[in-house]
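Chain residues, written in single-letter form:
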Amino acid sequence: MQNRTKTGAMTLFTILKKPWSGLTWTFLAGAWLLELFSAPPQPPATPPCVPHAKPFYGYTFFDADFVDASAAYAPFFLRFGDYYERNFSAEVLQQKENCEEWSERFCSKARWEEVAEVIYESDAFELAQLHEAASDPTRKTPLPYRLEDNNFAYVVAYNGCAEVTRYLTYAKRCEAHVVPRGDGWSPVQRNITDMMELIREGRERFDETQSAFVKLRYLYQIVRLAHYAGAHQMTVDLYDELMPRVDRKKRSVIFYWALGHLAGAMQKLGKYPEAAYRYSIIFRHCASKRTQAFRSFVIRDDKDWQKTLKFCNSNEERATLHLMRAGGSHTWAAVDMEAIYDMDPVNPQLELLLVSDVQELEKILLRTQVTDHKNGRALAKIKREAVAKHLLDLQKFVRRVIREAKVTNPKTWRAVDGYLELLANDRYAAAKTWDRLEDELGYSKQDKNTFQQLEIWRCLMAIMNLDTTASDTVDRLSYKVRSLTAFDQNPYFEPFLQEWLSAGYARNNHPGKAMIAAYPPHTIRYNPRLDVLEDLLRLSNTFDPILLERTMMIDTNPERIKAYFLETKGVYFLSRGEPEAAAAIFRQISPVEQARMTQFVPFANRFGEKINREPPRETAQNRLEIVEQLIKFEQEAKAAQALQDTNEAKIWLRLGDFWYNTSFFGYEWEVRDFHRDGANQARLAQGPVFPLEGAPDGNRENLDLDLAFQYYEKAYQAARTQEMKARAAFMLARVQQKQWFSHPECTYRPGNPNVPLLPAEYMKYYDLLITRHSKTRYYETVVKECKWLAAYAR
Amino acid sequence: MKLLLPILAILCSLACSREQKKPLEPAFYCWETVFKPDSAAVTLLDSLQVNTLFVKILDIGKNASNGNIEPYARLEIQNTTQWKTRKIVPCVFITNEVFEGINTEKQAWLADKIATAARDFAPFTEFQVDCDWTAGTRAAYFSFLTLLRKKMPENVSLSATIRLHQYKFPQKTGVPPVSRGMLMFYNTGDVDEDAERNSIFHPEDARIYLEGAPKQYPLPLDLALPLFSWAQVFREGELWKIIPGPLPLQEMRSGGKYRENSPLEPFPARLWEVQEGTFLGGHYLRPGDRLRVSEISQTLLLETAVLARQLDLAPDARLAFFHLGIARTEHFSAQQLDQVCKTVRKQAP
């Protein structure tokens, strides 16, 4: 163990070892906590309502095996993803518990699955056949065909257990009355007369039965029938009358199942404390009914609580009540833990509560500004402020437990003590605590699990030790952390590492590096930020290893990576109506990379509403060529205006077409954007930046049509022919219509079969087109193609 | 001429009276899962001459684990006498989530399920749907209402609840395709906020909805006013639970487990801070938990009635109090509620 420990620790040692004293650590811990509380993170830039976003409950670095994985209490207190759902499905657990009891009863001659086949899967006919076989003293009656190879059926029949088979046929008849009925839409209809008749018959059989094992099962069926029939007092009376007559020397899950029905009936009769006490008994002893008992446990007020406590016969029972109370309140449980510890220090559930409490601390302390930015700020300010007190309270309690050494697994508590030191950012103390503990770990399963847990926490410590100011070493150390075995064992490590690095880079004025550490590179294009792009471009000239590693997703060629950022930056300016700045940026892209740029045809005048881009044609240009063309058109238009050239209107129209076609509404939207989300059409007024999962700053759409409008208006004014005027007026009308669609009061949504009604101020150019330019060829063409215009014209 | 003048006077007064609106007809919501008005409730109904009861028959939501649309609760009728002697308007509450991403087939299925389930509660001549629809679900919800209308017998009219924001912005939120609307004149405050203002109704908050609202709402409107109380529990600054009233305030004051703050607000929420661990309404409260208790007093109820004069209610509007179970336990008398009905119809000074 010693060797293994050292080997494992050595890998980490190189990462963790820093020539800093304990005093330095204490100072840093203080500074860290001060920073946490004095400068609360900024509100998230990402809007909270992101479609299809998965909920994020915070990071946890507990290993599911650290605390007793077989403790079926765990789901009530802990968060280990779907671990417990996988292992503790209530339905399977219930069948298994019951069938194992049957199997044990028959000297384990059959597997529990075979028992299940008889009890749960056989129909009434097969059970009747089985009963016939068991009742036949000659042993000549065959087993039912489906159960021929079933060991349980064979043992029952061979031993002539007619009392058992008689019970099974009865239970099958009862089953029809107690399974959930209906789908909620129609009333649950039960045949109360038949149920009462079965209760009467069951009582007779109860009296006739010799076996305590079967007797208890009859009792259960009877009580269950009475409960489902809504005869609550009868349920209590039957239980009270029959249960004392059952020999209960041997523990049986069926006792707890019957107790559940008694508790349910008592609750319906208003006996809440009596019911709560019984549910706590079930919760403590019966795994298969634990969830139901927990859900049904109701304490209305303090009187109920006091009365329930009075029913308890031992400190263990009282401790269970405290445990259930703590489980229902979903918050810091240090007070409950102390109460349980004082009553029952060896209660194994204490560890679960401890882990549950530490998970609450993890949720808050293992969050960075980047976590909030990515997932939204879920935690209240008060909770953040109160965390220091909770941490201290818990540390105090944990140290008391360790000092008094009354608990079953003191090593678990010592490990957690170290983890609390890490969460308090006292990394030096945490490392020392774990070093001392590791020296004492042996080869028991418990010790192995503790060691495994320490490895995970040491990996976490290694991440928290990464110094983002030392860019020459941080990448090497990050790589080492990623190569640790523990790193692969917890899915939270990778996102946590990214966020931790990102937060560090952000603090060191590297917004680009921060962004690219936490998000895939393509996401910066959803809503590009100038500070991010400039930082990334600066870094791309220095061959920064972090940048290179993260941008491997784009390409391995540094020149191509730089071109990627330059093109993004150019598009940033173009999307804001600054083609000259965009051109200056695009020109910095190397000629080789320019040749690789995507090509577009954004100057064509079209009247269709489709936004799908056609394959590039001969006239297609890349973004640099496009902005140069745009600048040229602008100059030509101004010259034409000054010289009163007849081409003036045509050039203004082309400019208007560019800004319309490359907007969110145009077929060449991609010239000025990288990601267009069609779903945003339904909520245009909320734009221009829309929530998008995985987008650090949302997704920006080019909704602004002011430039297009200005150019089209110039075209309309300069037009000297009716044809040209009609063309400009139609485009102006389209622009106004889209502007109305983006207005907060517009209720029209795409997909609506009706023609959108525009307010008068947005109808100006449709009206103009219809009243003044309807005699043009352009109008005749366009009115046939555009159903909206045709409708307005009518 | 002597004869003509009195005739003219009578005709004139008749004409005037025809323009005057009828007094509001009192009604109640029954929102519990079991219909069993006890003798105290029946006395209240009789004293106030309540004929109409809006009774929730189904609570419909989306199952979080499998995404199925299913009822969470179905009404059980235990007092059949009261059921038979009053005019019952069956209601269904549907969560807004149900209409998120629902296709036309599923809408038709849901309409069919509800219409079939409603048959068990026949006879009735009106059916009400309660859903706080949003811009995202409006189209689906309205289309569902149209389908439901077709599935219902011809003599049954369909009504729907209208929230205050929907009343103020009918152009933006749309108007449901039903015969009548029930305006819920409450829930004016922000439930998530740990504030001193009454979260059920506060005149200042209500005025925000009234100012700038269109003078005429496109549907004939009835009015629903609150009688209930609740406590919002804030744990470490976050809303943790809502505990429905009535709350044992007397016990809370005398038990020494709470500290009550006295807000200066004219219509406040009572703020309580838990000093010692205690159970309330089935929940265990811890020291430091804060409770924002909002109640409807008789004064506040009259205030709602005064403000409700500004609403565009139907000439034959009904005033439904929410809800019967609470009215009884909170001890609102028939006279007090009658005064509220009369106050709404009084002319503003």
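Nothing here was measured: the structure is a model prediction, and the numbers come from that model.

**Here's the deal with the overall build of chain A**
- Along the backbone of chain A there are 39 helices and 4 strands.
- Considering only contacts within chain A whose residues lie at least 6 apart along the sequence, 65% involve residues at least 24 apart.

**As for the packing of helix H21 (residues 410–423) of chain A against helix H23 (residues 445–464) of chain A**
Residues and elements named next belong to chain A.
- Relative to each other, H21 and H23 sit at 5°, their axes nearing to 10 Å. With respect to their mutual orientation, H21 and H23 come out roughly parallel. Contacts between H21 and H23 involve Lys411, Thr412, Ala415, Tyr419 and Leu422 on the former and, on the latter, Asp447, Thr450, Gln453, Leu454, Trp457 and Met461.
- Residues of the contact of H21 with H23, tallied by class, amount to 6 nonpolar, 3 polar and 2 charged.

**As for unusual backbone geometry**
- A cis amide bond links Ala122(B) to the next residue, Pro123(B), at an omega of 5°.
- Tracing the backbone shows Pro123(B) in the loop between helix H4 (104–119) and strand E7 (126–130).
- Following Phe322(B), the chain continues to His323(B) via a peptide bond in cis, the omega torsion being 0°.
- One non-glycine residue with positive phi stands out, namely Ala405(A), at about 50°.
- Take Ala405(A): there are 9 C-beta atoms within 10 Å of it, and that puts it in the exposed class.
- If you check the backbone angles, Gln49(B) has positive phi at about 55° while not being a glycine.
- Among the structural elements, Gln49(B) can be located in the loop between helix H2 (39–47) and strand E3 (52–62).
- With 10 C-beta atoms packed within 10 Å, Gln49(B) lands in the exposed category.

**As for the confidence of the model for chain B**
- Confidence along chain B averages 87 in pLDDT terms, with 92% of residues attaining 70 or more.
- Segment residues 8–19 of chain B: pLDDT under 50, and 0 contacts once partners within four positions in sequence are set aside and those in other chains are kept.

**Some remarks on the environment of Arg295(A)**
- Along the chain, the position of Arg295(A) falls in helix H14 (residues 290–296).
- In this structure the C-alpha to C-alpha distance between Arg295(A) and Tyr279(A), which are 16 residues apart in sequence, comes to 9.3 Å.

**A closer look at the packing of helix H22 (residues 427–440) of chain A against H23(A)**
Residues and elements named next belong to chain A.
- Close contact between H22 and H23 brings their axes to 11 Å; oriented N to C, the two are set at 155°. It follows from the interaxial angle that H22 and H23 lie roughly antiparallel. Crossing of H22 over H23 shows left-handed handedness. For the pair H22 and H23, the contacting residues are Arg427, Ala430, Ala431, Trp434 and Glu438 in the first and Phe451, Leu454, Arg458, Met461 and Met464 in the second.
- Across the contact of H22 with H23, the residue classes tally to 7 nonpolar, no polar and 3 charged.

**Here we look at the interface of chain B and chain A**
- Residue-level contacts link 19 residues of chain B with 23 residues of chain A.
- Secondary-structure elements contributing two or more residues to the side of chain B that touches chain A are strand E4 (69–74), H4, helix H7 (170–173) and strand E15 (278–280) of chain B.
- Taken together, the residues that form the side of chain B that touches chain A break down as 5 nonpolar, 5 polar and 9 charged.

**Examining the nonpolar core**
- Ranked by size, the top nonpolar core spans 193 residues in total, and within it Leu219(A), Tyr712(A), Ala715(A), Ala728(A) and Leu732(A) carry the most contacts.
- Among the elements that make up this core, the one with the highest residue count is helix H10 (residues 212–228) of chain A (11 residues).
- The residues contacting Ala728(A), other than those within four sequence positions of it, are Ala649(A), Leu653(A), Tyr712(A), Ala715(A), Tyr716(A) and Ala719(A).
- Of all hydrophobic cores here, the second largest spans 95 residues; its members include Ile60(B), Cys131(B), Ala140(B) and Leu337(B).

Reading the values: the criteria
Residues numbered from 1 in each chain as written. Chains lettered and ligands numbered in written order. Predicted model: local features only at pLDDT ≥ 70, side-chain atom pairs only at ≥ 80, totals over all residues. Helix = DSSP H or I, 4+ residues; strand = E, 2+ residues; numbered from the N terminus. Contact = placed C-beta atoms within 7 Å. Axes fitted to C-alpha atoms, helices over the stretch in contact; angles between N-to-C directions. Parallel < 35°, antiparallel > 145°, perpendicular 65-115°, else oblique. Nonpolar A, V, L, I, M, F, W, Y, C, P; charged D, E, K, R; others polar. Buried ≥ 20, exposed ≤ 12 C-beta atoms within 10 Å, placed from the backbone. pLDDT = per-residue confidence, 0-100. Left-handed = near helix turned anticlockwise from the far one by under 90°. Core = buried A, V, L, I, M, F, W, Y, C linked by C-beta atoms within 7 Å.

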